[in-house]
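Coordinate analysis (summary)
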Amino acid sequence: MTDEDETLNPAEEFGGLLYQLDRMPYGDIGGITAVEQSVYKLLNRFQQDLRGLIILLRVKIMLGDRNKAVATAEQIWEIGGSLDDVFEEAYIDSLLDLGLLEMASVLLKPRFENLAAALPFFYPVMLKFTIIGGSIKFMEKLTSSPHAPRREDMLFDFIEVYRLMNYGEHFKNIQRLILDNAKSALCGYGYQLYNDRGFTDLELVLYLDDESARGSMLKSELEVKINAYCASVGVKRANNLSVVVRSVAAHPARVTAERQEPPA
């Protein structure tokens, strides 16, 4: 081991790189690849460090390399081990962006069993999980919890409308349909809420690893399949749920207002 190795603190080094990466838009290829090079150098010294592998996982997602991202996610899973909250949250969010809900659910299960401890930090990824999975029940559980870090008036409205329409099971089935058809190219899953029409619209944003032509094709396929599903079960398609498909390069920076300090 060199003198330089002895002075390096992997927690600080990897934490600083994650802090940088979280604040980069996915179109910043130069910045992302610079972080990637730094991660590889650190992993040469601290081999199989889960924190470094999680950053590498996020890098592969941001660069649209889904196959390598999935392989890295599975490598992290196989190694296993404990993580601090910052890196566990980053790993879960990456699993969700890749549509790996089964793996994410294993990590989130204990969080759902102790909302008081989980929600102050894990609320965004827990809510994202419930939306991707189409669970009105758990969306309501999270948003109505006294431990939720913010009030979700628009989501309250969305949940109430779907309850009155008896649309919860259809929402879950449509979300499953969307994920099943997008998963092979998925590198990001976001959502937006709007109420400019007097009620809440939920817009799902799928970020793909491929070019816009494929995105347009997927968008058309999803429209056809959602309409076909609604026709097959004899329900009117809800007009407050829509899907947008974009290139992963259009994804904004991951950082949120809740995380402004570098990870410790």
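Refer to the structure printed above.
So, here's what we can say about the structure.

What counts as what
- Residues numbered from 1 in each chain as written.
- Predicted model: local features only at pLDDT ≥ 70, side-chain atom pairs only at ≥ 80, totals over all residues.
- Heavy atoms only, no water.
- Helix = DSSP H or I, 4+ residues; strand = E, 2+ residues; numbered from the N terminus.
- Rg over C-alpha atoms; globule rule 2.2 N^0.38 Å.
- Buried < 20%, exposed > 50% of the residue type's maximum accessible area, 1.4 Å probe, protein only.
- Contact = heavy atoms within 4.5 Å.
- Areas by Shrake-Rupley, 256 points an atom, 1.4 Å probe, with all protein chains shown as cover.
- Lys, Arg positive; Asp, Glu negative; His and termini not counted.
- Charge placed at Lys NZ, Arg CZ, Asp CG, Glu CD.
- Core = buried A, V, L, I, M, F, W, Y, C linked by side-chain atoms within 4.5 Å.
- Phe/Tyr/Trp six-rings, centres within 6.5 Å; stacked < 30°, edge-to-face > 60°.

1. Some points on the overall build of the protein chain
If you tally the helices and strands in the protein chain, you get 12 helices and three strands. For the protein chain, the C-alpha radius of gyration of 19 Å lies close to 18 Å, the compact-globule estimate for 264 residues. Looking at the protein chain as a whole, 48% of its 264 residues are labelled buried. Sequence-distant contacts in the protein chain: of pairs separated by 6 or more residues, those separated by 24 or more amount to 69%. Of the roughly 12,800 Å² of accessible surface on the protein chain, a fraction of 51% belongs to carbon and sulfur atoms. Charged side chains in the protein chain number 28 positive and 38 negative. The centres of these two groups are separated by 6 Å.

2. Side note on the nonpolar core
Counting 87 residues, the largest nonpolar core has Ile-55, Met-126, Ile-178 and Leu-206 as its most contacted members. Among the elements that line this core, the one with the most residues is helix 8 (residues 115-133), at 11 residues. Those residues in contact with Met-126 that lie beyond four places of it in its chain are Leu-108, Arg-111, Phe-112, Leu-115, Ala-118, Leu-119 and Leu-142.

3. Regarding the packing of aromatic side chains
In total, this model carries seven aromatic pairs according to the counting rule given. Seen from their ring centres, Phe-158 and Phe-171 are 5.5 Å apart, and the 70 degrees between their planes marks the pair as edge-to-face. On the criterion of sequence distance, the pair formed by Phe-158 in helix 10 (residues 153-164) and Phe-171 in helix 11 (residues 168-182) is long-range, its members being 13 residues apart. Residue Phe-158 shares its accessibility class with Phe-171, and that shared class is buried. Measuring from centroid to centroid gives 5.5 Å for Tyr-162 and Phe-171, while their planes differ by 85 degrees, and the two rings are edge-to-face. Judged by its relative accessible area of 1%, Tyr-162 is buried. Joined through ring pairs, the aromatic side chains of Phe-158, Tyr-162, Tyr-167 and Phe-171 make up one cluster.

Honestly, it's all geometry; don't read function into it.
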